[in-house]
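Here are the chains, one letter per residue:
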Amino acid sequence: MKKNFLLGLGALALLALMWLTLPTLRADAQSSGQGTITGTITNATKDAKPSSTANLDVVLVTVPQGATSMLTTTVKSDANGKFVFSNLDTISTTRYFVTTNYGEVDYFSDLLVFESPLSTTLVANFPIYESTEDASVVKVAQTHIVIGVQAPWLEIQQIIALENTSDRVYIGKPLAGPHRATLTLPVLPKAIDVQFDDPNIGQTVLIGDTVLTYTLPIGPGRDQIVYQYAVPFTPPAYDFNLNLPFSTDKFGLYVLEVPDAKVESQQLKPAPNPMGNAPGAPQFISMAGENLPAGTTVQAKLSNLPATSSSAGTAPTTAATDNTQTIGLVVLGFALVAAVALLAIPLVRRRQAAQMVAAELKNERLELLQDIADLDDEFEAGKLSEEDYKAERARLKAQLLELEQ
């Protein structure tokens, strides 16, 4: 079922930016000031107080075609959670959405457009939920790691499929500042250039050396978190070590197949290709495990990796941040098989942050990635002190982050 809310700081502006880039509709038979948007806010938590939806600030956001800023109008919901906005333009190129905040969580309606020349009324109903700090309501059902070989880099994409089994929004424990910690996400050592498929997430995650702190509330039902990054390696081998901060029912390790490559692990067993035998689909060396407890370090040995980039049609041809098409096929492929059916999530969450990177920045990013790889090699060869190494690596990583601003 589609979720009618996006959770997180800055989501309002990001949503408007994305919708401004959508294809515009025909603007014929325009009328001015005759449109109405009505709706009802309901509390979907079963033991919520009936009065919880009353007297909420309900904001209508108006995004005209070509606008550089949003227009907002605020009303109060009535005793039954109902609200109405009137005297609206029914121009088909103007987009609207409704938002409210309840229990420190922002909720949003679907995108609203007066599509028909005769349409003057739109409906924007959406639920809110009570909040909880009880971490036990959230479980990680599946963890999938997709690896592409792009020597001297491994391109990593991680897919965390999770579920909030309650009828409350999990908001986590407060951190210093405005954030709350809701989930710790693992990354491989020396990870750089971390990006999320959903820009709402990328703007709020706190990035550490070996873990990411997810700070967005987690709503009831199923969801997934998809992120990607690069790690350096020295061909022809790589020791895979990923510490899981959470328990996971299923774990999958998928290496985009290259000639003669091998993957060995005492914890994981060979598994079927998640893409099956679909014509033209990427092929993988697939390993899987089940019921891994929190604190497990998943280990695997990748060997016979090429020293140069593969020219195979399914292999990546640029840096990890430009691997969206291949990884997109992987995610779609996962959604088609029963073993990972949990990943069939509404497309509202399927935003590729890498596609937002301007083309002229790609070469600069690649140069920085190579500088970091060279720096790692110099440190491992004993040519740099640990203090100088950390300082220079932090400087280069800061430059990478600036490219994402």
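Thresholds, definitions, all that
- Residues numbered from 1 in each chain as written.
- Predicted model: local features only at pLDDT ≥ 70, side-chain atom pairs only at ≥ 80, totals over all residues.
- Heavy atoms only, no water.
- Helix = DSSP H or I, 4+ residues; strand = E, 2+ residues; numbered from the N terminus.
- Buried < 20%, exposed > 50% of the residue type's maximum accessible area, 1.4 Å probe, protein only.
- Contact = heavy atoms within 4.5 Å.
- Areas by Shrake-Rupley, 256 points an atom, 1.4 Å probe, with all protein chains shown as cover.
- Phe/Tyr/Trp six-rings, centres within 6.5 Å; stacked < 30°, edge-to-face > 60°.
- Pairing = 2+ DSSP bridges.
- Core = buried A, V, L, I, M, F, W, Y, C linked by side-chain atoms within 4.5 Å.
- Salt bridge = Lys/Arg side-chain N within 4 Å of Asp/Glu carboxyl O.
- Patch = residues over 30% accessible without salt bridge, like charges linked within 9 Å, V, L, I, M, F, W, Y side chains within 5 Å.
- Lys, Arg positive; Asp, Glu negative; His and termini not counted.
- Charge placed at Lys NZ, Arg CZ, Asp CG, Glu CD.
- pLDDT = per-residue confidence, 0-100.

**A look at the overall build of the chain**
Here is step 1 of the chain: Counting its regular elements, the chain contains five helices and 25 strands.
Here is step 2 of the chain: The 405 residues of the chain split such that 50% are buried.
Here is step 3 of the chain: Excluding contacts between residues fewer than 6 apart, the proportion of contacts in the chain whose partners are at least 24 apart in sequence is 76%.
Here is step 4 of the chain: Within the structure as shown, the chain displays about 19,000 Å² of accessible surface, and the carbon and sulfur contribution to it stands at 52%.

**Section: the packing of aromatic side chains**
Here is step 1 of the chain: Taken as a whole, this structure holds nine aromatic pairs when the rule is applied.
Here is step 2 of the chain: Centre to centre, the rings of F83 and F126 are 6.5 Å apart; their planes meet at 55 degrees, and the pair counts as tilted. Remark: F126 occurs in strand 8 (residues 126–128) and F83 occurs in strand 4 (residues 82–88); sequence separation between them is 43 residues.
Here is step 3 of the chain: Owing to a relative accessible area of 5%, F83 belongs among the buried residues under this scheme.
Here is step 4 of the chain: With a relative accessible area of 2%, F126 lands in the buried category.
Here is step 5 of the chain: Note on F379 and Y389: the rings are 4.1 Å apart at their centroids and 10 degrees apart in plane angle, and the pair reads as stacked.

**Observations regarding the sheet that holds strand 15 (residues 183–186)**
Pairing between the strands of a sheet is mediated by backbone hydrogen bonds and can be parallel or antiparallel.
Here is step 1 of the chain: Taken together, the three strands give an open sheet; going across it, the order is 15-18-17, and neighbouring strands pair in antiparallel fashion. Across the chains shown, the open sheet's two edge strands, defined by having one partner strand only, are strand 15 and strand 17 (206–207).

**A word on the nonpolar core**
Here is step 1 of the chain: I225, F240, F251 and L253 are the most contacted members of the largest nonpolar core, which has 49 residues in total.
Here is step 2 of the chain: Among the elements that take part in this core, strand 10 (residues 138–150) stands out by supplying five residues, more than any other.
Here is step 3 of the chain: Not counting residues within four places of it along the chain, the set of residues in contact with F240 comprises I145, I147, L188, F251, L253, V298, Q299, A300 and L302.
Here is step 4 of the chain: In this structure, V58, L88, L122 and A124 belong to the second largest nonpolar core, which totals 22 residues.

**Notes on the pattern of salt bridges**
Any two side chains of opposite charge can pair if their charged atoms end up close together.
Here is step 1 of the chain: According to the stated counting rule, one finds nine salt bridges in the structure shown.
Here is step 2 of the chain: For the salt bridge of D239 with K301, the shortest nitrogen-to-oxygen distance reads 3.1 Å. Here D239 is found in strand 20 (residues 238–243), whereas its partner K301 is found in strand 25 (residues 297–303), with 62 residues between them in sequence.
Here is step 3 of the chain: Classification of D239 as partly exposed rests on a relative accessible area of 47%.
Here is step 4 of the chain: K301 gets classed as partly exposed once you look at its relative accessible area, which sits at 35%.
Here is step 5 of the chain: Among the charged side chains, a salt-bridge network with shared partners connects E104, E133, K173 and R180.

**Quick look at the sheet that holds strand 21 (residues 248–256)**
Here is step 1 of the chain: The mixed open sheet is built from seven strands, whose spatial order is 16-19-11-10-21-24-23. Either end of the sheet is taken by a strand with one partner, and the two such strands are strand 16 (192–196) and strand 23 (269–270).
Here is step 2 of the chain: Relative to strand 21, strand 10 is paired through seven bridges, and the arrangement is parallel. Bridged to Q142 within strand 21 is K250.

**Focus: the environment of P174**
Here is step 1 of the chain: Its place among the elements puts P174 in strand 13 (residues 173–174).
Here is step 2 of the chain: Placed 41 residues apart in sequence, P174 and T215 show a C-alpha to C-alpha distance of 9.4 Å.
Here is step 3 of the chain: Among residues more than four places away in sequence, those in contact with P174 are E133, H179 and R180.

**Brief notes about the side chain of T99**
Here is step 1 of the chain: Inspection of the secondary structure puts T99 in strand 5 (residues 95–102).
Here is step 2 of the chain: Looking at T99, the relative accessible area reads 8%, which means it is buried.

**Looking at a negative patch on the surface**
Here is step 1 of the chain: Judged by side-chain charge, E367, D371, D374, D377 and E378 come together as a negatively charged surface patch.
Here is step 2 of the chain: Tracing the backbone shows D371 in helix 4 (residues 362–380).

**Here we look at unusual backbone geometry**
Here is step 1 of the chain: Cis peptide bonds are those with omega within 30 degrees of zero, and the linkage from A151 to P152 qualifies with 5 degrees.
Here is step 2 of the chain: The residue P152 is located in the loop between strand 10 and strand 11 (153–164) in this model.
Here is step 3 of the chain: Its identity as a non-glycine residue notwithstanding, D260 has a phi of 70 degrees, on the positive side.
Here is step 4 of the chain: Since its relative accessible area comes to 62%, D260 is described here as exposed.
Here is step 5 of the chain: A positive phi angle, near 60 degrees, is found at N304, a position not held by glycine.
Here is step 6 of the chain: Relative to the elements of secondary structure, N304 occurs in the loop between strand 25 and helix 3 (324–335).

**Section: the confidence of the model for the chain**
Here is step 1 of the chain: With 74% of its residues at a pLDDT of at least 70, the chain reaches an overall mean of 78.
Here is step 2 of the chain: Segment residues 1–30 is flagged for pLDDT under 50; beyond a separation of four residues in sequence, or across chains, it makes 81 contacts in the model.
Here is step 3 of the chain: Here residues 310–362 is modelled with pLDDT under 50, and outside its nearest four sequence neighbours on either side it reaches 103 contacts, counting other chains as well.

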